[in-house]
Every structure is written in C-alpha cells, then in structure tokens.
Amino acid sequence: MNEHVRLAEGLQFPDDIVFQGYAAPVRIEGSVHDLEVVGAIPPELEGVYYRNSADHAYPPLHGRDIFLNGDGMVHMVRFERGHADLTTRYVRTRKFELERAARRALFGAYRNPFTDSSEVAGEDANTANTSVMWHHGKLYALKESGRPYELDPLTLETRGESNFAGQLKSRTFTAHPKFDSLTGECIAFAYNCEGVASDEIELYRVDREGCFTRTERFKAPYCSMVHDFLVSRNYIAFVICPMVCDWERVQRGESYWHWDSHRKTYIGVIPRERGVSAIRWFTAPKPAMQTHSFNAWEDGSRLVLDHFVTESGWLSQFPDLHNPNAHELPPFGERWIVDLASEADRVEITRFIEHIGEMPVIDPRFAMSRARHYWFGTNNPKLGPMLPFGPKGPPFTCLGHFDEGTGKLDFYYAGPDSSPEEPYFVPKSADAKEGDGWLLSMVGRRAENRTDLVILDALHLSRGPVAVVKFPCRVHEGFHGTWVAQKVLERSL
Ligand code: V55
Ligand code: FE
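The following refers to the structure shown. (Residues numbered from 1 in each chain as written. Chains lettered and ligands numbered in written order. Predicted model: local features only at pLDDT ≥ 70, side-chain atom pairs only at ≥ 80, totals over all residues. Heavy atoms only, no water.)

1. Looking at the coordination of the iron ion (ligand 2)
As a reminder, the rule being used: Atoms are scored as donors when they are N, O or S and lie within 2.8 Å of the metal, with 3.2 Å used for Na, K and Ca; no water is included, so coordination may look incomplete. Under the classification used here, a metal with four donors is tetrahedral if each angle lies between 85 and 135 degrees, square planar if opposite donors are over 155 degrees apart and the others between 65 and 115, a six-donor metal meeting that same test is octahedral, and anything else is irregular. Counting from the N terminus, the helices are the DSSP runs of H or I reaching at least four residues and the strands are the DSSP runs of E reaching at least two. For every residue, the accessible area obtained with a 1.4 Å probe (protein chains only) is divided by the maximum for its type, and the residue is called buried under 20%, exposed over 50%, and partly exposed between those limits.
The protein atoms donating to the iron ion (ligand 2) are His 176 (NE2), His 227 (NE2), His 292 (NE2) and His 480 (NE2), with metal-donor distances spanning 2.0 to 2.1 Å. If you look at the iron ion (ligand 2), its four donor atoms make angles of 92 to 162° with each other, and the shape they trace is irregular. On the primary sequence, the residues serving as donors to the iron ion (ligand 2) are separated as H-x50-H-x64-H-x187-H. A residue pair is termed long-range when its members are at least 10 positions apart, and His 176 in the loop between strand 9 (158-161) and strand 10 (178-179) and His 292 in strand 20 (residues 289-299) qualify at 116 residues. Assessed through its relative accessible area of 9%, His 176 is described here as buried. Owing to a relative accessible area of 9%, His 292 belongs among the buried residues under this scheme.

Structure, rendered in structure tokens:
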C-alpha cells in the first residue's frame, strides 16, 4: 500500500464543555471590513486592539483537553476614522504547522511532552495562545511555555518564532511582560527556562529599541507556575505560589501542575538596579495563588503589590495534590505590602477591592507608580444572573471599576446572556488625566453565538457603552490584549 495514503478516521471534537457552545473552536480565519457600529466610535480611538485566544485547530490527541491548550488565534480590530475592521488569524507555530500537515493533532496534554505522538518527539509544543506584546515596533504572540512568535501587525501573518536576534537564552518567555512608560523599557522574565519542571527564572531588561540590556538568572524556591509578576519604579516582585510541577508526575503523564497547599507561598523582591544578587525573600502568611497583577508601587520603604489572589489554586484546570474534593474559590483584589526597611519577614495583606474579580487592568501610563483607577472582569448578581459555567468556570457578566480616590465601585452589566472579557484601557490623549479614556472589551452574545466589542467611558461604566462594534460571527473567548495607537503603528512600518 502506498505509505502516503492514510484513511481519515473522522474528525470530531469531544462532547465536552471545553468544545461546546460559546467555547467551541471557531477555526475560521478571515476579515470583516466595516463592522456594524451602534453608537459612535470616539474619534480618539485611532489604532488597533489586538488580543490572543486559544482555539483548538484539531480535536485533542487523547480525547480531552483543557482550554488553555488551544492553538493561538489572534483577533485584531482596527479603528480608523470611526470605522472598524476585524481580522482573525492563527499563529503559525511549529505545532500548528506540523498538525496542519498531518491533518490531525500530534501533540498531547498541556505542556507534557511524554503525551505527544512519537512523530513529533523533540518538537516544540508552544501554542502561542495567551497574550500579545507590542514593543520596539514589533508585535508578538506570547505563551509562557515557549518563545514569542513575531506577527505582522497589519495582516497577523506569522513572521516566525523569535529569540530577539539571539538575545533570549531561555526556551520560554512570559506572557505578562511589563512596560515602563517613562523609559520605554520592557521588563520581562522567563520561568521553566530549561524546560519541564525547571526551577530557573531569567529576568530581562529590554530597551525601547529591543536590546536586552540585562539578563540575569536566579533559582525559585521550587518549580511553580509563574504566570505573572509585578514591577514598581524600583523593584520587581515574584509571587511563588504552590502550583507545583514535578518531573516524575509529568513523566507518568499526569497534569503538568498540581496545587500543593502544604507548601509555602513566597515573594521574591529584586531591586531593579542592583538585580538578582540583592533578591530578598518574604513568606506569605497563607498559601495563595496570584491569578494576575494590577500593579506595584512604592510608599516610602513599603512595596505595595496589588493583584487578584485566590486561596484555592486553579482547580478547574489543575488538580489539588492532597484533596480531590477541594473546589475552586473566586479571586479577590488583595494588597500585599512588604516593608523593605524592616528586617522582619512580614507580609501585610488587605482585601482592597471588596468584590470578586479577575483580568485586572490599570491605565498603562501609571504602571509602576501609584494608580487610582482599577478595572477588571467580574460578576454582580444584583445587576443580572450568573451565566452557565464554561470551561473556565462562571463567565463574567460585568466589568468593574474601583476608584481608590472615592473608594467607590462601579459596574457595567453587559445584558442577558452576555459575557464581557478582559478589559483594556486606552487614554483619550497622551496627557489626559488618569482614567480619562475608553475601556474596550469583547463581549460574548451567547444566545446569538456572536461577539461584540464594546467601548465604554472608563470612568462611567454604569452608563453603558458609547459604541458597540458588532461582529457578524463569534470569535473565540480570549485571554489578554493590547492597544497600539495608529501613530505608533505607522512609525514601525
Ligand atoms: C494562564 C493562561 C495560559 C497558560 C497558563 O491565565 C496560565 C493564565 C492561555 O494559557 O498556559
Ligand atoms: Fe494571564
């Protein structure tokens, strides 16, 4: 028999929550010019909103999968003189190309090379599905388990995997780099630098031209998921949470991560100038998982870390090591403070946002210094009913705004069967007051199997959108996005 003839075995996604309803793979790449707009797109919005999503191109090799393991599909909405155009495109990762050629999945479980098909032994499983980064005039798709993929910012075509012209030594790169609006620098890191179960973390300082001006390595207290971090004007902080990885468990084909509440949670504080040789470790008073960070800032000798934290681990995706009956708790906005002038191993914790939430964002011009305004995805049963669980738990029904100046919370309720996603803040102008701008969010219209992009006045969420940009189709639920102003984009072309 001709070895190239292989009968198809059928292609069907599992009958499972990860692949059903609003979470079902979309798989369509394309463009829609001149989207419908209800209301008026503010004239200040000239530029592109990009965001990444996980959209399985093939049914999983082993019959089931977690949503975090879908293939990177980037969505962009370009705003031009009140008009909006949509483009969606898969990132051409090595994984995507190999599976496309084979017309089926070849890679197995999330980050577990021992579950991959032997045909792809030694190949990179990076899905590039978590976030997008704009820096030194380039656009990248990011996933913490691999290196960035550079994309064409106008077409989303993949230019290829990048090690920043040989400057990135790690096999991985974070999906949550931070940007210093004063210096134009990018502060980034990589964990699992040496691959599966590695406890090595690398820290980078990248100047506005894309030169790595500093690369340093240190060891974490143990190997854990370091999804996000925090950077203030003078310090970098890592929260090492007990979401652990163990080589033997991975080799046995088990989940890459387990929640081990018997372990301690640590905070590593690194002075930005002196670097990792001056790292100081603090012990948190409880096992806790940082889901995502808002910001870090300094109040005299006190370093303030504002982030969403859950005490349960991320059990909907990764099991508890000790308690199979444990259930996931929602994250709350917590403020963790360490005093760098004191010798004490003390972390002061307060709940500074008295409301559940996730997917935090601030006005990016105020990152690394004290911010007043905090936005996030959330639910509020007073405004509307919860929606049926999806693969990541309860979908958001609202966006929240916490104004620390007034102490007030304000909400946008997206309407029946509607689920807003991570918001992104765009200032009205470069020198507008903090918070004076627009909040963008994709909103699932679940009953219609469609998606909208809503534009809200960031300081008046409860007034509802100033414009709703309507897609004639669904785009897959996503993770993290960014905004690139037209002027900035033009300079890079
Ligand atoms: C997260 C997302 C990921 C991942 C690890 O939001 C952590 C957290 C989309 O992929 O691989
Ligand atoms: Fe994230």
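2. What about the sheet that holds strand 26 (residues 398-403)?
Stated precisely, the cut-off is as follows: The criterion for strand pairing is that DSSP finds at least two bridges linking the strands in question. Where helices are involved, their axes are fitted lines through C-alpha atoms of the stretch in contact, as for all axes, and angles between N-to-C directions lie from 0 to 180°.
One open sheet holds the four strands; their spatial order is 24-25-26-27, and the pairing between them is antiparallel. Every other strand in the sheet has two partners, leaving strand 24 (358-361) and strand 27 (408-413) as the edge strands with one partner each. When the angles between neighbouring strand axes are averaged without regard to direction, this sheet yields 20°. Bridge count between strand 25 (residues 373-378) and strand 26: six bridges; the pairing is antiparallel.

3. Some details on the pattern of salt bridges
Our working definition: By convention in these notes, a salt bridge is any Lys or Arg side-chain nitrogen within 4 Å of a carboxyl oxygen on Asp or Glu.
One pass over the full model with this rule turns up 38 salt bridges. With its nearest N and O atoms 2.7 Å apart, the salt bridge here joins Lys 178 to Asp 228. Taken together, the residues span a long stretch of sequence, with Lys 178 in strand 10 and Asp 228 in the loop between strand 13 (212-219) and strand 14 (230-231) at a distance of 50 residues. Comparing Lys 178 with Asp 228, the two get one shared label, buried. Linking Arg 272 and Asp 180 is a salt bridge whose minimum nitrogen-to-oxygen distance equals 2.7 Å. One end of the pair, Arg 272, is in the loop between strand 18 (266-271) and strand 19 (280-283); the other, Asp 180, is in the loop between strand 10 and strand 11 (186-191), with 92 residues separating them in the sequence. For Asp 180, a relative accessible area of 2% gives the class buried. Each of Asp 180, Glu 185, Arg 205, Arg 233, Arg 272 and Glu 273 takes part in one network of salt bridges that share partners.

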